[in-house]
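One-letter residues, chain by chain:
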Amino acid sequence: ELKVEQNPLFLSMQEGKNYTIYCNYSTTSDRLYWYRQDPGKSLESLFVLLSNGAVKQEGRLMASLDTKARLSTLHITAAVHDLSATYFCASRDDKIIFGKGTRLHILP
Amino acid sequence: DAGVIQSPRHEVTEMGQEVTLRCKPISGHDYLFWYRQTMMRGLELLIYFNNNVPIDDSGMPEDRFSAKMPNASFSTLKIQPSEPRDSAVYFCASSLGTRYTEQFFGPGTRLTVL
């Protein structure tokens, strides 16, 4: 059974700093998803990574996928307060399974 | 273009009452998913449909939960009778093409069972 684990689960950081969120998954999968959820809001799709070595960037966020290591990372560059949210990764076997989320709080 | 629409946005009910949550997927999408989100258990897939047919309901917690999709533009999730432990945010999501393409989530229904 597929398990998706994120770390850290909580992260408080200063504006302007860089940090990385890690997503490990337990079985072979060729697809990895990242979503963002603001407090009290819905989930918004950020990235879909489709192959080993895939890298996607949007603004200060960059996601990558290593299918051999079963690892995806979400890197935040020069964080700003607007990026405060909960970030979910998800992988799939016969259905999409979500991690528990990383609650990111960026201090001004 | 409208995204996924859910109603009601908030529901407060008493234990034992029937609760019906509604979802309208994005037009043209052929997959519809129902999720439940709680602090303790995170985001759980309850059931999903393809072309209005339930494909996997293994996440439905008990017989008190049922879901239907009578047509391509409407789905319901019903809880009867409701219990306090059903309190959660229920999301509906839809996608196009396969069950693995990115899903578009609705705003959610926050259910409180007293």
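Residues numbered from 1 in each chain as written. Chains lettered and ligands numbered in written order. Predicted model: local features only at pLDDT ≥ 70, side-chain atom pairs only at ≥ 80, totals over all residues. Heavy atoms only, no water.

A. The arrangement of the environment of Ser91 of chain A in detail. All names here are of chain A. With respect to the element layout, Ser91 can be found in strand β9 (residues 85-92). Given a relative accessible area of 0%, Ser91 falls into the buried group. Non-local contacts of Ser91, meaning those with residues more than four positions away in its chain, are made with Leu2, Val4, Tyr25, Ser29, Arg31, Leu32, Tyr33, Ile96 and Ile97. Reaching out from Ser91, the side chain makes a polar contact with the backbone oxygen of Arg31 at a distance of 3.4 Å. (Helix = DSSP H or I, 4+ residues; strand = E, 2+ residues; numbered from the N terminus. Buried < 20%, exposed > 50% of the residue type's maximum accessible area, 1.4 Å probe, protein only. Contact = heavy atoms within 4.5 Å. Polar contact = N/O pair within 3.5 Å; in protein donor to acceptor, adjacent residues only side chain to side chain.)

B. Region of the structure containing the interface of chain A and chain B. Contact residues are listed per partner, giving 18 residues for chain A and 19 residues for chain B. Summed over the three residues of chain A that lose the most area to chain B, namely Lys95, Ile96 and Phe98 of chain A, the buried surface amounts to 28% of that side. Our count for the chain A to chain B interface comes out at 1 salt bridge. Linking Lys95 of chain A and Asp56 of chain B is a salt bridge whose minimum nitrogen-to-oxygen distance equals 3.3 Å. At the surface where chain A touches chain B, the tally comes to 5 residue pairs in polar contact (both at pLDDT 80 or more). When residues of the side of chain A that touches chain B are traced back to their parent elements, those giving at least two are β4 (32-37), β5 (43-49), β9 and β10 (96-98) of chain A. For the side of chain A that touches chain B, a count of residues per class yields 7 nonpolar, 3 polar and 8 charged. (Buried area = accessible area lost by both parts, 1.4 Å probe. Salt bridge = Lys/Arg side-chain N within 4 Å of Asp/Glu carboxyl O. Nonpolar A, V, L, I, M, F, W, Y, C, P; charged D, E, K, R; others polar.)

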